[in-house]
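Descriptive structure summary
Chain by chain, the residues run as shown.
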Amino acid sequence: MTKLGRELASKGINVISLSVGEPDFNTPDNVKDAAKKALDENYTRYSPVPGYPELRQAIVNKLKNENGLEYEPSQIVVSTGAKQSLSNVILTLINPGDEVIIPTPYWVSYSEMVVLAEGKSVFIDTDIDSDFKITPEQLEAAITPRTKLFMFSSPCNPTGSVYSKDELAALVKVFEKYPNIFILSDEIYEHINFVDKHESIAQFESVRERVIIVNGFSKAFAMTGWRLGYIAANKEIAAANDKLQGQTTSGTCSIAQRAGITAYHDGLESVNEMKEAFLRRRQLVYDLLNDIPGVKTNLPEGAFYFFPEISSFFGKKDANGNVIKDSSDLALYLLNEGHVATVGGDSFGNNNYIRLSYAASDEALKEALRRIKEALGKLSS
């Protein structure tokens, strides 16, 4: 959808993109200054495969100070973005035929990474009425003797759902019965949440050794192009990821790593400023979505997405008689008719929804939602 939107924009059409999953803020100046300093200090050679020791220590400090989690630098592996971190974990853990439990909706690459590892994805369906969160009963029903990994994100892309400590504790009770299942916890949106505090499933001692945290700098510090992510895991898993990465990409960009040290060292002032803007935009979009007949939405607790239900428009026709059959059709219609780029929910495993990013200015969001409302109003039965 982003590509199609750019193609329309290249023809002079004013397209508002709500399809991209990245902050619309610039990287903080102190982080950019650290990168410039790293260049001047000639940090331009190969870096250690698992990351500079200073960065790994900064990550250890962050996990302790912000999350109350104790790790050693040897348990940290820095990669070229959290996406590579996820891929490394799956490729090192999953053998052909192993099953990976994934709640839907999920980030689009999860299931494809499982395919690359020759595993099998087992999906647990959720919906807007449960705020897109699974129950312990659903989790246990999905477990089989072949289950190797459970992977999820909180805050979640694409729904913005956030698991509370009590909700995580209930899932942990299930995992305690199955000691051979690993847990991949994608926490890349940790700092963009609107609840009391971020809760990591790694805080529970009974499963701690089986949890692999994936996190990074892209969302919190608006560093998507810097490609800097990491895992925190037990030493065996960390060593396996180090070994795999050493035969693929080796160490990630030296300049990005030096910038990451400063990002974690200097605190969260810029992050909190960005979070305040997202909080304001969330309320704006929530109110505007609720004003569109046929659209059902909840109020996400984190990230910068809405995932409204739009199935009431399936079966309707546009002015040319084309039938809206699914979420992809609707997203394409909104692009062509309303010139707003969104993403169909089928990409995330839930066809009855579309994803809207509110990582855009207030003015752009108001205009985008006006166009969406107008376009949907033109559909006929």
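All figures in this text were calculated on a predicted structure; none of them were measured in a lab. (Residues numbered from 1 in each chain as written. Predicted model: local features only at pLDDT ≥ 70, side-chain atom pairs only at ≥ 80, totals over all residues. Heavy atoms only, no water.)

Turning to the overall build of the chain, a few remarks are in order. Per the secondary structure count, the chain includes 12 helices and 12 strands. Over its C-alpha trace the chain gives a radius of gyration of 21 Å, about what one expects of a compact globule, namely 21 Å for 381 residues. Projected onto its principal axes, the C-alpha positions of the chain cover 60 × 55 × 40 Å. Excluding contacts between residues fewer than 6 apart, the proportion of contacts in the chain whose partners are at least 24 apart in sequence is 75%. Total accessible area computed for the chain in this model is approximately 16,300 Å², and 48% of it derives from carbon and sulfur atoms. For the chain, the distance from the average site of its 40 positive side-chain charges to the average site of its 50 negative ones is 3 Å. (Helix = DSSP H or I, 4+ residues; strand = E, 2+ residues; numbered from the N terminus. Rg over C-alpha atoms; globule rule 2.2 N^0.38 Å. Contact = heavy atoms within 4.5 Å. Areas by Shrake-Rupley, 256 points an atom, 1.4 Å probe, with all protein chains shown as cover. Lys, Arg positive; Asp, Glu negative; His and termini not counted. Charge placed at Lys NZ, Arg CZ, Asp CG, Glu CD.)

Moving on, we get to helix H5 (residues 109-116). Buried within H5 we find Ser109, Tyr110, Ser111, Met113 and Val114. Of the residues flanking the end of H5, it is Glu118, one or two places downstream, whose phi is positive at about 65 degrees. (Buried < 20%, exposed > 50% of the residue type's maximum accessible area, 1.4 Å probe, protein only.)

Moving on to empty space enclosed by the protein. Across all of its chains, the model carries 3 cavities of 30 Å³ or more by this definition. The calculated volume of the largest cavity comes to roughly 110 Å³. What lines the largest cavity is a set of 14 residues, among which Pro103, Pro105, Phe132, Ser153 and Cys156 lie closest to the centre. Across the lining of the largest cavity, the residue classes tally to 8 nonpolar, 5 polar and 1 charged. (1 Å grid on protein atoms, 1.4 Å probe; cavity = no way out; pocket = protein on both sides within 12 Å on 5 of 7 lines; lining within 4 Å. Points joined across faces, edges and corners; volume = space filled by probe spheres on them. Nonpolar A, V, L, I, M, F, W, Y, C, P; charged D, E, K, R; others polar.)

So, on to the layout of surface pockets. Space inside the largest pocket adds up to approximately 560 Å³. Here the lining of the largest pocket is composed, by residue class, of 11 nonpolar, 9 polar and 5 charged. Split by domain, the lining of the largest pocket shows at least three residues from each of two domains, domain 1 (2-21 + 269-378) and domain 2 (44-267). What the second largest pocket holds in volume is close to 230 Å³. Forming the boundary of the second largest pocket are Asp318, Ala319, Asn320, Asn322, Val323, Ile324, Asp329, Leu332, Tyr333, Asn336, Glu337 and Lys378. Split into classes, the residues belonging to the lining of the second largest pocket amount to 5 nonpolar, 3 polar and 4 charged. (Domains from an automatic or database assignment.)

In this section: the sheet that holds strand S11 (residues 343-344). The antiparallel open sheet is built from 3 strands, whose spatial order is S9-S12-S11. Each edge of the sheet is formed by a strand with only one pairing partner; in this case those strands are strand S9 (305-306) and S11. Bridging between S11 and strand S12 (residues 354-357) involves 2 bridges; their strand directions are antiparallel. Opposite Val343, over in S12, you have Arg355 as the bridge partner. (Pairing = 2+ DSSP bridges.)

This part is about the domain arrangement of the chain. A common way to express how large an interface is: the accessible area buried when the components associate. Taken domain by domain, the chain consists of domain 1 (2-21 + 269-378) and domain 2 (44-267). Centre-to-centre, using C-alpha coordinates, domain 1 lies 28 Å away from domain 2. Every contact between the two is made by 28 residues of domain 1 and, on the other side, 29 residues of domain 2. Together, the buried faces of domain 1 and domain 2 total about 2,400 Å²; carbon and sulfur atoms form 60% of this surface. Our count for the contact surface shared by domain 1 and domain 2 stands at 1 salt bridge. Two residues, Asp129 and Lys296, come together in a salt bridge whose shortest N-O distance is 2.8 Å. At the boundary of domain 1 with domain 2, the tally comes to 14 residue pairs in polar contact (both at pLDDT 80 or more). Among the secondary structure elements, those contributing two or more residues to the side of domain 1 that touches domain 2 are helix H10 (269-289) and S9. Looking at which element gives the most residues to the side of domain 1 that touches domain 2, the answer is H10, with 8 residues. (Buried area = accessible area lost by both parts, 1.4 Å probe. Salt bridge = Lys/Arg side-chain N within 4 Å of Asp/Glu carboxyl O. Polar contact = N/O pair within 3.5 Å; in protein donor to acceptor, adjacent residues only side chain to side chain.)

Relative to each other, helix H4 (residues 82-93) and helix H8 (residues 235-246) sit at 105 degrees, their axes nearing to 9 Å. Considered as vectors, H4 and H8 are oriented roughly perpendicular to each other. Of the residues in H8, those in contact with Gln84, Ser85, Asn88, Val89, Leu91, Thr92 and Leu93 of H4 are Ile237, Ala240, Asn241, Leu244 and Gln245. Residue composition of the contact of H4 with H8, grouped by class: 6 nonpolar, 6 polar and no charged. (Axes fitted to C-alpha atoms, helices over the stretch in contact; angles between N-to-C directions. Parallel < 35°, antiparallel > 145°, perpendicular 65-115°, else oblique.)

For the structure shown, the criterion picks out 25 salt bridges. One salt bridge connects Asp362 with Arg280, and the closest N-O pair in it is separated by 2.9 Å. Here the residue Asp362 occupies a position in helix H12 (residues 362-377), and Arg280 occupies one in helix H10, the gap between them amounting to 82 residues. Here the salt bridges share partners, and the residues they tie into one network are Glu337, Glu367, Arg370, Arg371, Glu374 and Lys378.

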